[in-house]
Amino acid sequence: MHMSRTAMRASQKDFESAVNQMKLLKKDPGNEMKLKLYALYKQATEGPCNMPKPGMLDLISKAKWDAWSALGSQPKETAKQNYVELVSSLSSSTSCSQGKPDADSKQPGYETLVVTSEDGITKIMLNRPTKKNAITTQMYQEIMLALEAAAKDDSAITVLTGKGDYYCSGNDLNNFTDIPPGGVEEKAKNSAILLRDFVGCFIDFPKPLIAVVNGPAVGISVTLLGLFDIVYASDRATFHTPFSHLGQSPEGCSSYMFPKIMGSAKAAEMLIFGKKLTAREACAQGLVTEVFPDSTFQKEVWTRLKAYSKLPPNAMRISKQLIRNVEKEKLHAINSEESSVLQGRWLSDECTNAIMNFLSRKAKL
């Protein structure tokens, strides 16, 4: 009896230690893992799920409830043990990855990007290849910081590209499940402000800005292309803006720039009806500057970019100002309007149901 009490105390001590260890974890384990940990913690401290099932529109509470309920009548001690083991495996994998030298020597301070500056070029590479470079809230903030730094550094041009097979798959829809204490209204308001500030960085960027679209592009990574000075694409790239499918509306100033670039009929086909364009179609419609065979894409594009970076930098900045400044004020007004409209869309039942349907289909894959 004495021994079992000691073992239980040790187990409780291990559990408390694991809870503290989680707080110190530097790398985000991802939403799926966080739900598992949440469920095990609740089961270990309170036993089987005793909460009423949340409403369908409360996405985050429903996900937590589902995870906790799935543990059924698992004993508290088993849940504690599983929690401790899960945290231990997370901690060891984090320390292993920290011990490995990073092949792409990142500039310090970025977790979701690889930012390098050489040969007069600052390259901002989206670095979530296993998630198809979907943009998280953290990535939005890091891209803004990287653009701010690139505007002031010694480089002549700035390039945005993606690591892996995708350029960018648009918004990480898990952004919509992270609800703050102020509820969905506060989330929608904060997201609209973040979006407005993010797009504003592209409108105001003073140097030549070039998109190197290495693979499929979705959502905001497509709508922003109208604010770039050059868009080079691999013939593997596709361009998709499925806003209506998700109960949402266009952003990135595309409601103005796309009709201006490709005409209102083609723009409507993309922005309202979600038509996916091939790289060649996007080039024919003026959204893409030039398409390259995927096998020679990187070599051809970077040879050209290195030549551009040798041009007089002040001349390039001044030429960009002449081209862009006429409409800068108008673009900021359009950006503000688009962000405001989206804030309303995110609070609509139509948008919530569309995102829930998308996430449930994705979970079944």
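Look above for the structure.
Summarised in this report is the structure supplied together with it. Keep in mind it's a predicted model, so treat the numbers as computed, not measured. (Residues numbered from 1 in each chain as written. Predicted model: local features only at pLDDT ≥ 70, side-chain atom pairs only at ≥ 80, totals over all residues. Heavy atoms only, no water.)

1. Quick notes on the packing of aromatic side chains
Okay, step 1: Inspection of the entire model under this criterion finds eight aromatic pairs.
Okay, step 2: Look at F15 and Y41: their rings are 5.8 Å apart centre to centre, the planes differ by 20°, and that puts the pair in the stacked class. A residue pair is termed long-range when its members are at least 10 positions apart, and F15 in helix α1 (residues 2-24) and Y41 in helix α2 (residues 31-46) qualify at 26 residues.
Okay, step 3: On the basis of an interplanar angle of 55° and a centroid distance of 6.2 Å, the ring pair of Y41 and Y83 is categorised as tilted. Taken together, the positions of Y41 in helix α2 and Y83 in helix α4 (residues 76-99) put the pair 42 residues apart, joining distant regions of the chain.
Okay, step 4: Since its relative accessible area comes to 35%, Y41 is described here as partly exposed.
Okay, step 5: Using a relative accessible area of 5% as the deciding quantity, one classes Y83 as buried.
Okay, step 6: What links up through ring pairs into an aromatic cluster is the set Y140, F198, F202 and F228.
Okay, step 7: Sitting above the plane of the Y38 ring, K64 keeps its charged end 5.0 Å from the centroid.
Okay, step 8: Above the ring of F15, the side-chain terminus of K80 is found at 6.0 Å from the ring centroid. (Phe/Tyr/Trp six-rings, centres within 6.5 Å; stacked < 30°, edge-to-face > 60°. Helix = DSSP H or I, 4+ residues; strand = E, 2+ residues; numbered from the N terminus. Buried < 20%, exposed > 50% of the residue type's maximum accessible area, 1.4 Å probe, protein only. Lys NZ or Arg CZ within 6 Å of the ring centre and 35° of its normal.)

2. Some words on the environment of S254
Okay, step 1: Inspection of the secondary structure assignment puts S254 in helix α8 (residues 254-262).
Okay, step 2: Non-local contacts of S254, meaning those with residues more than four positions away in its chain, are made with T223, P259, L271 and E338.
Okay, step 3: Side-chain polar atoms of S254 contact the backbone oxygen of E251, separated by 2.7 Å. (Contact = heavy atoms within 4.5 Å. Polar contact = N/O pair within 3.5 Å; in protein donor to acceptor, adjacent residues only side chain to side chain.)

3. Observations concerning empty space enclosed by the protein
Okay, step 1: Applying the stated criterion across every chain yields a total of one cavity of 30 Å³ or more.
Okay, step 2: The space that makes up the largest cavity amounts to roughly 70 Å³.
Okay, step 3: Lining the largest cavity we find L126, I135, I143, L160, Y167, C168, F198, F202, S221, L224 and F228.
Okay, step 4: Across the lining of the largest cavity, the residue classes break down as ten nonpolar, one polar and no charged. (1 Å grid on protein atoms, 1.4 Å probe; cavity = no way out; pocket = protein on both sides within 12 Å on 5 of 7 lines; lining within 4 Å. Points joined across faces, edges and corners; volume = space filled by probe spheres on them. Nonpolar A, V, L, I, M, F, W, Y, C, P; charged D, E, K, R; others polar.)

4. A word on the packing of helix α6 (residues 183-204) against helix α12 (residues 313-346)
The geometry of a pair of packed helices is captured by two quantities: the angle between their axes and the separation between those axes.
Okay, step 1: Across the interface, α6 lies against α12 with an axial gap of 9 Å and an inter-helix angle of 155°. Of the possible angle classes, the one that applies to α6 and α12 is roughly antiparallel. You can see that α6 and α12 cross each other, and the crossing is right-handed. Between α6, through A188, K189, S191, A192, L195, R196, V199, G200, I203 and D204, and α12, the contact on the second element is made entirely by K328, L331, H332, N335, S336, S339, L342, Q343 and W346.
Okay, step 2: Class assignment of the residues belonging to the contact of α6 with α12 gives a composition of eight nonpolar, seven polar and four charged. (Axes fitted to C-alpha atoms, helices over the stretch in contact; angles between N-to-C directions. Parallel < 35°, antiparallel > 145°, perpendicular 65-115°, else oblique. Left-handed = near helix turned anticlockwise from the far one by under 90°.)

5. Thoughts on the pattern of salt bridges
Okay, step 1: A full pass over the atoms with the stated rule returns eleven salt bridges.
Okay, step 2: In this structure, E77 and K80 form a salt bridge, with 3.7 Å as the shortest nitrogen-oxygen distance. Separated by three residues within a single helix, E77 and K80 lie in helix α4, roughly one turn from each other.
Okay, step 3: Taking the relative accessible area as the measure of exposure, E77 reaches 35% and is therefore partly exposed.
Okay, step 4: The buried category is assigned to K80, whose relative accessible area is 10%.
Okay, step 5: Of the charged contacts in the structure, one is a salt bridge between R128 and D172, with a shortest N-O distance of 3.1 Å. Highlighted residues: R128 in the loop between β2 (121-126) and α5 (137-152) and D172 in the loop between β3 (157-162) and α6, separated in sequence by 44 residues.
Okay, step 6: Here the salt bridges share partners, and the residues they tie into one network are D229, K320 and R324. (Salt bridge = Lys/Arg side-chain N within 4 Å of Asp/Glu carboxyl O.)

6. Here we look at the sheet that holds strand β4 (residues 209-213)
Okay, step 1: With respect to topology, six strands assemble into an open sheet ordered β1-β2-β3-β4-β6-β9, the strand pairing being mixed. The open sheet terminates on both sides in strands that have one partner only, identified here as β1 (113-118) and β9 (290-292). On average, adjacent strands in this sheet sit at an angle of 20° to one another, irrespective of strand direction.
Okay, step 2: Where β2 lies against β3, six bridges are found, and the strand directions are parallel. Counterpart to L126 in the pairing with β3 is G162. (Pairing = 2+ DSSP bridges.)

7. Describing the layout of surface pockets
Okay, step 1: The space that makes up the second largest pocket amounts to roughly 350 Å³.
Okay, step 2: Lining the second largest pocket are 19 residues, with F228, D229, K320, I323 and R324 sitting closest to its centre.
Okay, step 3: Secondary-structure elements contributing two or more residues to the lining of the second largest pocket are α8 and α12.

8. Here's the deal with α5
Okay, step 1: With 16 residues, α5 extends 24 Å between its outermost C-alpha atoms, agreeing within 8% with the 22 Å of an ideal straight helix rising 1.5 Å per residue.
Okay, step 2: Every buried residue of α5 is accounted for by M139, Y140, E142, I143, M144, A146, L147, A150 and A151. (Expected span 1.5 Å × (residues − 1).)

9. Some details on the state of the cysteines
Each disulfide is one covalent bond, formed between the sulfur atoms of two cysteines.
Okay, step 1: One pass over the full model with this rule turns up zero disulfides.
Okay, step 2: C253 forms no disulfide, and the closest cysteine sulfur to it belongs to C201, at a distance of 12 Å.
Okay, step 3: We classify C253 as buried; its relative accessible area is 0%. (Disulfide = S-S within 2.5 Å.)

10. Points about unusual backbone geometry
Okay, step 1: At D119, a residue that is not glycine, the phi angle is positive and equals roughly 55°.
Okay, step 2: The partly exposed category is assigned to D119, whose relative accessible area is 43%.
Okay, step 3: In this model, N133 sits at a positive phi of 55°, which is unusual for a non-glycine residue.
Okay, step 4: The topology assignment puts N133 in the loop between β2 and α5.
Okay, step 5: Overall, the relative accessible area of 0% leaves N133 in the buried class.

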